[in-house]
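Results of the structural survey
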Amino acid sequence: MILRLFAVTVMCVAALDSAAFAAEPKLGEPMGPVDLLTHDGRKMTMRNYDERPATAVLFLSPRCPVTEKAINDIAALYQEYRRKNVLFVGIVPDPEVTNTELADFIQKRGVIFPLYRDPQGKIVKQFGASVTPEVFMLDGESKLIYHGGLAEAAGRDALESRIRDVLAKKEITPKSDKATGSAIGAKLSPIKRDNPYGQLSFSSELVFEKIPQAAVHHCSVIEQAPNGDLLCVWYGGNYESGDDQMIFLSRREKGSRTWSEPEVLIEDALLPPGNAIIFVDGRKRLQMVWCRMEPTRPIRRGGGWDRCRLMLRTSEDNGRTWSKDREMFVEDLWAVPRNRPLVLRDGTIVLPVEAVVDGRDGSTFLISRDNGDSWKIGGFTAGGSQPALAERKDGSLVALMRKYPQITEIISQDQGETWSEAKPTTLNNPDSGISMIPLANGHWVIVYNDSENSRTPLSIARSTDEGRTWEAPLKLEANPGEYSYPSLLQTADGKIHVTYTFRRYGIKHVELNEDWLVHMERPN
């Protein structure tokens, strides 16, 4: 109690000290030149009032909690009227505030008007300021036409009203309103601020430029190997479903920015491979699930996907060598993998595949509870294809699926054994592949073609409520051509990676962080 009374006493003394040298505002009188001190200690004098209709002199403190609460609205008010040649000039009266603190305040609170120092309190005395935040508005002759506070919305509204009157060239009657806030001269502690704009990270490159034996490339999947390397697999050939279709793999070693020359993993002219996915199981093994195309040949371009058998191989050395392939199911299950499986919190692996079940086209979900050593067939849906999965905090699974003209959604309450009826979402889809992942912080990210009839643009969007709503998408690609079949991954360092088909002639890789997705533009 004694310490609290002492603190209150100090604040009161500080308020009295500031009030002692604060004169009554000189309403209607010219304030004249103001001597300013820049952040690097240089002196300058403000006297160019006639260059604009109004100048608002604001007393602000980066250490003032009242200023901290109001500064976003103050900055927005300036943003509204700066193009009409109204200038805000900030005065920082705290001698203890460092340049680092001042820069932190400016950068993280979107301040885009000049701030000057007043460590000796000369400007405070000149204007009769007593608190922060406080405003003094001058006309083109430096006459004081308004004085008031900025702590509350009413004060900011009063300042805006006076600005409008000046811009409308109305006759102005000088007015003074009460200002409340932190007393100038009070000993305040530095404020720790989060950065709402984040630190952006974005880069992109083609995984390769040309592969002599294959002209067309599609359906990539990206994964991080246990040793930290990035691996990308896809199929390529001279055309889709051709006899010369092969599975390729490229590697970007940990710490490198360069992808290795693609190597052929699987090639068989009689039973060529189709889609392939790779993932890391609970034993830190790499597993590859791919589909072997088994229709009678010859076949047309793009045919044969309805008779594909699932095959499985594993790697104990981060994808350098692989085991022999084995069939995942003894019984006939015609299926095509597209998205990596989801590893649930209890270790269960749920792998979504496009499938033909009992003569019906749709999707089914393969379930393993022994790290992929054995698999069972879970629930089936006819409401879409090529599902992408995420797990909510309540344990339910959400699958978003490729479906024209909108992506569809199904939900499972029993780890993929059964699923709800498919319902359309608000997300467009031109009948093209999608990818969705949950991030480590619980947010979700989706990449898809935000169109009902075209595989461009390729867009990325974020959800902060587990897929119930999605933020407005940002475009990864918007030029003419095909940009499709994305694959998403978040690596151990938090970075988000996307690979996708680039005009059917290549595979592109994009690396970004979540801050790049945040819809927060810096004022300019």
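Here's what I pulled together on the structure shown here. Predicted model only: the values in this text are computed from it and were never measured.

Remark: helix α2 (residues 65-81) packs on helix α5 (residues 153-167), axes separated minimally by 11 Å, with the N-to-C direction vectors making an angle of 10°. As far as their axial angle goes, α5 and α2 are roughly parallel. Here Ala 70, Asp 73, Ile 74, Leu 77 and Tyr 81 of α2 lie close against α5, whose contacting residues are Arg 156, Leu 159, Glu 160, Ile 163, Arg 164 and Leu 167. Class assignment of the residues belonging to the contact of α2 with α5 gives a composition of seven nonpolar, no polar and four charged.

Between side chains of opposite charge, a pair can form as their charged atoms come close. Using the criterion set out here, one finds 41 salt bridges in the structure. Where Arg 42 meets Asp 40, a salt bridge forms, and the shortest distance between an N and an O atom there is 3.2 Å. Between Glu 511 and Arg 252 there is a salt bridge, with its nearest N and O atoms 3.0 Å apart. Remark: Arg 252 occurs in strand β14 (residues 246-252) and Glu 511 occurs in strand β35 (residues 506-512); sequence separation between them is 259 residues. Of the two residues, Glu 511 and Arg 252, both sit in the buried class.

The strand order β29-β30-β31-β32 describes an open sheet built from four strands, whose pairing is antiparallel. Unpaired on one side and paired on the other, β29 (435-438) and β32 (474-477) mark the two borders of the sheet. For this sheet the average axis-to-axis angle between neighbouring strands, irrespective of direction, equals 20°. Both strand β30 (residues 444-449) and strand β31 (residues 458-463) contribute to a ladder of six bridges, which runs antiparallel. Across the sheet, the residue bridging to Val 445 is Arg 462, located in β31.

Attention now goes to helix α3 (residues 99-108). Three or more residues of α3 are buried, namely Glu 101, Leu 102, Asp 104, Phe 105 and Lys 108. Seen along its axis, α3 keeps its buried residues to an arc of 160°; they face one direction. Against α2, β4 (86-92) and β5 (115-117) lie the buried residues of α3. Positioned one or two residues after α3, Gly 110 has a phi angle of 65°, which is positive.

Here we come to the layout of surface pockets. By volume, the largest pocket amounts to about 920 Å³. Residue lining of the largest pocket: 33 residues in total, with Glu 223, Arg 340, Val 343, Leu 489 and Gln 490 positioned closest to the centre. Of all the elements in the fold, those that place two or more residues in the lining of the largest pocket are β12 (216-224), β16 (273-280), β21 (342-343), β25 (385-391), β29 and β33 (483-490). For the lining of the largest pocket, the residue count by class is 18 nonpolar, nine polar and six charged. Its boundaries defined by the atoms lining it, the second largest pocket holds a volume of some 520 Å³. Together, 26 residues line the second largest pocket, and Trp 305, Glu 354, Gln 386, Arg 402 and Tyr 485 are the ones closest to its centre. When contributions to the lining of the second largest pocket are tallied by element, the ones reaching two or more residues are β12, β20 (334-337), β22 (349-357), β23 (360-368) and β25.

The strand order β11-β35-β34-β33 describes an open sheet built from four strands, whose pairing is antiparallel. Each edge of the open sheet carries a strand with a single partner, namely β11 (202-206) and β33. If you compare each strand with its neighbour and ignore which way they point, the axes differ by 20° on average. Two strands pair when backbone bridges link them, and β33 and strand β34 (residues 496-502) are joined in this way by six bridges, in the antiparallel orientation. By the bridge assignment for β34, Tyr 483 is matched with Phe 502.

Counting 46 residues, the largest nonpolar core has Phe 59, Ile 74, Phe 88, Phe 127 and Leu 159 as the members making the most contacts within it. Ignoring anything within four residues of it in the chain, the contact list for Leu 159 reads Leu 77, Phe 88, Val 135, Met 137, Tyr 146 and Leu 150. Of all hydrophobic cores here, the second largest spans 39 residues; its members include Val 233, Ile 247, Phe 279 and Leu 312.

Turning to the pairing of β14, a few remarks are in order. Counting buried residues in β14 gives seven out of seven residues, a clear majority hidden from the surface. Burial along β14 is two-sided: the face carrying Met 246, Phe 248, Ser 250 and Arg 252 and the face carrying Ile 247, Leu 249 and Arg 251 are both buried. Here strand β13 (residues 230-237) pairs with β14 via seven bridges, running antiparallel. Bridge pairing links Trp 234 to Phe 248 in β14. Across four bridges, β14 lies against strand β15 (residues 263-267) in antiparallel orientation. Counted as the bridge partner of Phe 248 is Val 264 from β15.

The rules behind these values
Residues numbered from 1 in each chain as written. Predicted model: local features only at pLDDT ≥ 70, side-chain atom pairs only at ≥ 80, totals over all residues. Heavy atoms only, no water. Axes fitted to C-alpha atoms, helices over the stretch in contact; angles between N-to-C directions. Helix = DSSP H or I, 4+ residues; strand = E, 2+ residues; numbered from the N terminus. Parallel < 35°, antiparallel > 145°, perpendicular 65-115°, else oblique. Contact = heavy atoms within 4.5 Å. Nonpolar A, V, L, I, M, F, W, Y, C, P; charged D, E, K, R; others polar. Salt bridge = Lys/Arg side-chain N within 4 Å of Asp/Glu carboxyl O. Buried < 20%, exposed > 50% of the residue type's maximum accessible area, 1.4 Å probe, protein only. Pairing = 2+ DSSP bridges. Arc of directions from axis to C-beta. 1 Å grid on protein atoms, 1.4 Å probe; cavity = no way out; pocket = protein on both sides within 12 Å on 5 of 7 lines; lining within 4 Å. Points joined across faces, edges and corners; volume = space filled by probe spheres on them. Core = buried A, V, L, I, M, F, W, Y, C linked by side-chain atoms within 4.5 Å.

Function cannot be inferred from these measures alone, as they are strictly geometric.
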